[in-house]
Amino acid sequence: AEDSEIGPDPSLLLVDDDEIFLNRLARAMEKRGFLVSRAASVAEARVLLEGGAPAFAVVDLRLEDGNGLDVVDALREARADARIVVLTGYGAIATAVAAVKMGATDYLSKPADAEDITRALLSRGETLPPPPEAPALACIKPPPMKVSEP
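Cut-offs applied
- Residues numbered from 1 in each chain as written.
- Predicted model: local features only at pLDDT ≥ 70, side-chain atom pairs only at ≥ 80, totals over all residues.
- Heavy atoms only, no water.
- Helix = DSSP H or I, 4+ residues; strand = E, 2+ residues; numbered from the N terminus.
- Buried < 20%, exposed > 50% of the residue type's maximum accessible area, 1.4 Å probe, protein only.
- Contact = heavy atoms within 4.5 Å.
- Areas by Shrake-Rupley, 256 points an atom, 1.4 Å probe, with all protein chains shown as cover.
- Patch = residues over 30% accessible without salt bridge, like charges linked within 9 Å, V, L, I, M, F, W, Y side chains within 5 Å.
- Salt bridge = Lys/Arg side-chain N within 4 Å of Asp/Glu carboxyl O.
- Lys, Arg positive; Asp, Glu negative; His and termini not counted.
- Charge placed at Lys NZ, Arg CZ, Asp CG, Glu CD.
- Axes fitted to C-alpha atoms, helices over the stretch in contact; angles between N-to-C directions.
- Parallel < 35°, antiparallel > 145°, perpendicular 65-115°, else oblique.
- Nonpolar A, V, L, I, M, F, W, Y, C, P; charged D, E, K, R; others polar.
- Pairing = 2+ DSSP bridges.

### Quick word on the overall build of the protein chain
Point 1. Looking only at helices and strands, one finds 5 helices and 7 strands in the protein chain.
Point 2. Along the protein chain, helices (α) and strands (β) appear in the sequence β-α-β-α-β-β-β-α-β-α-β-α when read from the amino end.
Point 3. Considering the protein chain as a whole, with its 150 residues, one finds that 39% of them fall into the buried category.
Point 4. Here the contacts in the protein chain between residues at least 6 apart in sequence split such that 64% fall between residues at least 24 apart.
Point 5. Total accessible area computed for the protein chain in this model is approximately 9,300 Å², and 56% of it derives from carbon and sulfur atoms.

In structure tokens form, the structure reads like this:
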């Protein structure tokens, strides 16, 4: 199926300041056929991007030297068709929504495994409904309000 194919350019940039997670994810993604570059900071990611922008990226939003959104922005400028998945801990949904508005393809909450990440990177989105206009719980109807008489 076309949804699960990496395509002609398997380059993948992983950006996360958790070294153990970064190394484990890099090995898992290499096994899936990606050509992996790693960065543990915004600064390292910028240096790697100067050498050429990857087709895919997985970026943690919280990095020791700054915000992963800076990496998303730089990558989007360097390569408009890059597929970017942002990882967020702490349920930072507002930040994840901001990342998607800046050009990230998708976001996942940590801990995310290599299978979830691969699916998000390779998904073309045709089977997903469009995101709601209002973030968060826009699709949930509130219960009817009870009007109490004075």
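### Let's talk about a negative patch on the surface
Point 1. A contiguous patch of negative charge on the surface is contributed by Glu-44, Glu-64, Asp-65, Asp-70, Asp-73 and Glu-77.
Point 2. Ranked by residue count, the leading element in the negative patch is helix 3 (residues 68–78), at 3 residues.
Point 3. Relative to the assigned elements, Glu-44 resides in helix 2 (residues 42–50).

### Quick notes on the packing of helix 2 against helix 3
Point 1. Closest axis-to-axis distance for the helix 2/helix 3 pair is 9 Å, and the angle between their directions is 10 degrees. Here helix 3 runs roughly parallel to helix 2, going by the angle between their axes. Residues Val-42, Ala-45, Arg-46 and Leu-49 of helix 2 form the contact with helix 3, whose participating residues are Asp-70, Val-71, Ala-74 and Leu-75.
Point 2. Residue composition of the contact of helix 2 with helix 3, grouped by class: 6 nonpolar, no polar and 2 charged.

### Here we look at the pairing of strand 6 (residues 83–88)
Point 1. Of all 6 residues in strand 6, 6 are buried; the element is thus mostly enclosed.
Point 2. Here strand 6 shows no split at all, with Arg-83, Val-85 and Leu-87 on one side and Ile-84, Val-86 and Thr-88 on the other all buried.
Point 3. One ladder, built from 5 bridges, connects strand 3 (residues 56–60) with strand 6; its direction is parallel. Each residue of the ladder has a partner; that of Asp-60, found in strand 6, is Leu-87.
Point 4. The pairing of strand 6 with strand 7 (residues 106–109) spans 4 bridges and is classified as parallel.

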